[in-house]
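What follows is the residue order along each chain.
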Amino acid sequence: MAINSKIPAGAIESKWEDYKSHVKLVNPANKRSIEIIVIGTGLAGASAAATLGELGYKVKAFCFQDSPRRAHSIAAQGGINAAKNYQNDGDSTYRLFYDTVKGGDYRSREANVYRLAEVSANIIDQCVAQGVPFAREYGGMLSNRSFGGVQVQRTFYAAGQTGQQLLLGAYSALERQVALGTVKMYSRHEMLEIVKIDGKARGIIARNLITGELERHFGHAVLLCSGGYGNVFFLSTNAMGSNVTAAWKAHKQGAFFANPCYTQIHPTCIPVSGDHQSKLTLMSESLRNDGRIWVPKKQNDNRKPNEIPQDERDYYLERRYPAFGNLVPRDVASRAAKERCDAGYGVGSSKQAVYLDYASAIERYGKIEANKHGIEDASHDEIVRLGKEVVKEKYGNLFDMYEKITGENPYNVPMRIYPAVHYTMGGLWVDYELMTSVPGLYALGEANFSDHGANRLGASALMQGLADGYFVIPYTIGNYLADEIRTKAIPTDHQAFVDAENSVKNRLHTLINIKGTKSVDHFHKALGKIMWDKCGMARNAEGLQSAIQEIRALREEFWKDVRIPGALDEFNPELEKAGRVADFLELGELMCNDALNRNESCGGHFREESQTEEGEALRRDEEFSYVAAWEFKDGKSWELHKEHLTFESVKLAQRSYK
């Protein structure tokens, strides 16, 4: 099957404008009889449901939490990018586009990324109008900070809780439509199957998580906004409930899964403290804006950080990448931290950590404040006090969070950080219109693969989720629905709904009746260890081949020996979890296949067989300049389809941040 990405013709600067000018429209009267299902109510889902409701469509929104306010989008702390050039520091739509393509190591689709950069400015205006409390300068202008992989300040933020504030904006827009009756909310519901009729997505089977009941829902189109699959690694910065189930069910119904091995490793996480942990905590990347990262110059140095003098510290990012320093992209910073720890320079009890130090930032800000207040000959203590106040205003809640978790005060002692799984650039393959390879089935936000290539730049996840929901899907979905206005609502006693519900019932029935001896978490942890060790930051062919065999054996054991207490037709979180882990056990195999097939280093995906003499990632453009789109075949294997990437506006080059 040939892949058609439906990229409009013409110059990259005019593609989206031309597309919007010629796209098919649905008139207001027809919108009222068209039903759309939205799965997930984080930033992408809430913004899409609110906007489509506002346009007059009949929207059903499904949320597996008790409220959309609990979506994992709230965990994004650092900010949201937009090419506003408020700082007058050389930013532009093109530069945001270029930074994103380069940051993704030239493995993203140019047209989608340019559109993202183009609509980024609108997102800020939309959110300000909703009352999102972005940080402001003294004179009232919106404030910006720097982020990894760029040399301008374009990241808008609300202290260290930007995701939460943006989600509250989208949630208020969504609840307005719920009150008006254009959107119907189904909270505590999980989608467990896509219903296809005549090859098109026409509905879903959902489980009411309170009663255990299965429900059938019709839609002229289905939007998957269900987030990423980072929890395949068990330990990640994702919420415990984050899962791949909705996307995976779509994949098994014919939606291609693109670049599954592209997972993002975030450089600034609180290190693992032991086997008891169920998740990891992210310290926002915005901390790299002012913090300096270092390790001792001496191996296995057990002194306290404040006892190590400056000339015995290795500020290794500043040393290796002078042009960007501590602001190199996430994949580069993560790999450099791993390299230092593997070489014996790690710190803390585990020796799997590096320092993130705010002492010089506190001093710098303190001196500026002393000048502002006209304090001449300020003492060192006075400068430190003033500097801490500035840092507290910018990053206070992040520092408080670190202290609560570790018991250490990061104003006085450097934080300890280490890379961890954070975001997934892979996801369901979508075309320019955000439609998957199944007609009528769309994927938005982190659930799709579209914009970030092999590595996402910081502060781009919120940008993509809101761009897709507020500014892209309202146009592109009309192009499909304009041909569906004669399609009447299909009754849910249609045979396709009956068959889909029966397949869900059988799977749940099989799971609950295994009655084995090991918990769901036992299998999830075992899978996570295989994935992190063999398909994590560094991979090689031998490790990936053995990982595939280990995952198959683990999956077989799961279906024979998992223990799920409780019953089918009741509130049963272990049953929910078991279904999600069963999907991860299938996805894990595909991820290792994809990583094995991609015999190059790109982004955070370091194939040991493919590196430069200096140990940097070595891409192989002539062989791998494509999106790997995997089609699920015959219930047990996959076929690879390639969408070849062409670069007309950005020149392909080995990345250098030196």
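Residues numbered from 1 in each chain as written. Predicted model: local features only at pLDDT ≥ 70, side-chain atom pairs only at ≥ 80, totals over all residues. Heavy atoms only, no water.

## A short note on the state of the cysteines
1) Next: Following the criterion strictly, the structure yields 0 disulfides and no others.
2) Next: Between C269, a cysteine without a disulfide, and C341, which holds the nearest cysteine sulfur, the sulfur-to-sulfur distance is 13 Å.
3) Next: Residue classification places C269 among the buried residues on the basis of a relative accessible area of 0%. (Disulfide = S-S within 2.5 Å. Buried < 20%, exposed > 50% of the residue type's maximum accessible area, 1.4 Å probe, protein only.)

## What about unusual backbone geometry?
1) Next: For A159, which is not glycine, the phi dihedral falls at a positive 50°.
2) Next: Mapped onto the elements of the fold, A159 is located in the loop between β4 (155–156) and α6 (162–180).
3) Next: Although it is not a glycine, N259 sits at a positive phi angle of roughly 45°.
4) Next: A relative accessible area of 2% means that N259 is categorised as buried. (Helix = DSSP H or I, 4+ residues; strand = E, 2+ residues; numbered from the N terminus.)

## Notes on the sheet that holds strand β14 (residues 354–357)
1) Next: Spatial ordering of the open sheet is given by β11-β15-β14-β12-β13, a layout of 5 strands whose pairing is antiparallel. The open sheet has two edge strands, β11 (263–269) and β13 (313–314), and neither has a second partner.
2) Next: When β14 meets strand β15 (residues 415–424), the two strands line up antiparallel, connected through 3 bridges. When the sheet's bridge partners are listed, V354 is paired in β15 with I417. (Pairing = 2+ DSSP bridges.)

## Regarding the environment of S21
1) Next: Within the secondary structure layout, S21 lies in helix α1 (residues 15–22).
2) Next: Owing to a relative accessible area of 54%, S21 belongs among the exposed residues under this scheme.
3) Next: Distance in space between the C-alpha atoms of S21 and Y475 is 9.9 Å, their sequence separation being 454 residues.

## Some details on the sheet that holds strand β9 (residues 221–224)
In a beta sheet, neighbouring strands pair by backbone hydrogen bonds and run either parallel or antiparallel.
1) Next: With respect to topology, 5 strands assemble into an open sheet ordered β5-β2-β1-β9-β17, the strand pairing being parallel. Where the open sheet ends on each side, the last strands, each with one partner, are β5 (183–187) and β17 (441–443). The average undirected angle you get between the axes of adjacent strands in this sheet is 20°.
2) Next: Note: strand β1 (residues 35–39) against strand β2 (residues 58–63), 5 bridges, orientation parallel. Bridged to E35 within β2 is K58.
3) Next: Sitting on the sheet, helix α12 (residues 461–481) is in contact with β1, β9 and β17, with an inclination near 150° to β9. (Axes fitted to C-alpha atoms, helices over the stretch in contact; angles between N-to-C directions. Contact = heavy atoms within 4.5 Å.)

## Focus on the domain arrangement of the protein chain
1) Next: Segmenting the protein chain into domains produces domain 1 (15–262 + 425–484) and domain 2 (266–421).
2) Next: Inter-centroid distance (C-alpha atoms) of domain 1 to domain 2 is 32 Å.
3) Next: Roughly 2,200 Å² is buried in total at the junction of domain 1 and domain 2, and carbon and sulfur atoms are behind 56% of that figure.
4) Next: For domain 1, the biggest contributors to the area lost against domain 2 are Q77, L235 and T237; these three give 26% of the whole. (Domains from an automatic or database assignment. Buried area = accessible area lost by both parts, 1.4 Å probe.)

## Considering the packing of aromatic side chains
1) Next: Within this structure, the stated rule accounts for 27 aromatic pairs.
2) Next: Between W16 and Y432, the aromatic rings sit 6.1 Å apart at their centres with planes inclined by 70°, giving edge-to-face as the arrangement. Here W16 is found in helix α1, whereas its partner Y432 is found in the loop between β16 (427–428) and β17, with 416 residues between them in sequence. Considered together, W16 and Y432 belong to a single accessibility category, that of buried residues.
3) Next: When the ring of Y229 is compared with that of F257, the centres are 5.6 Å apart and the planes differ by 65°; the resulting orientation is edge-to-face. With Y229 in the loop between β9 and α7 (245–252) and F257 in strand β10 (residues 257–258), this residue pair connects regions lying 28 residues apart in the sequence. By the burial criterion, Y229 is buried, and F257 matches it.
4) Next: Taking NZ or CZ as reference, R115 lies 4.2 Å from the ring centre of Y432, over its face.
5) Next: Sitting over the ring of Y423, R456 keeps its end group 4.1 Å from the ring centre. (Phe/Tyr/Trp six-rings, centres within 6.5 Å; stacked < 30°, edge-to-face > 60°. Lys NZ or Arg CZ within 6 Å of the ring centre and 35° of its normal.)

## Digging into the environment of Q611
1) Next: Looking at the element boundaries, Q611 is found in the loop between β19 (606–607) and α17 (621–624).
2) Next: In sequence terms Q611 and S601 are 10 residues apart; their C-alpha atoms lie 6.9 Å from each other.
3) Next: Leave out the neighbours within four places in its chain, and Q611 touches F606, E616 and L618.
4) Next: In terms of polar contacts, Q611 uses its side chain to reach the backbone carbonyl oxygen of E608, at 3.0 Å. (Polar contact = N/O pair within 3.5 Å; in protein donor to acceptor, adjacent residues only side chain to side chain.)

## Topic: the pairing of β14
1) Next: By the alternation rule, side chains of β14 split into V354 and L356 and Y355 and D357, which are all buried.
2) Next: Two elements, strand β12 (residues 292–296) and β14, share 3 bridges in a ladder whose sense is antiparallel. Bridge pairing in β14 links R292 to D357.

## Overview of the nonpolar core
1) Next: In terms of nonpolar packing, the biggest core is built from 154 residues, with I80, L223, L224, Y442 and I477 touching the most fellow members.
2) Next: Setting aside anything within four residues of it in sequence, one finds I477 in contact with I36, L52, Y57, A221, L223 and Y442.
3) Next: Within the second largest apolar cluster, 33 residues are counted, among which are V354, A361, L398 and I417. (Core = buried A, V, L, I, M, F, W, Y, C linked by side-chain atoms within 4.5 Å.)

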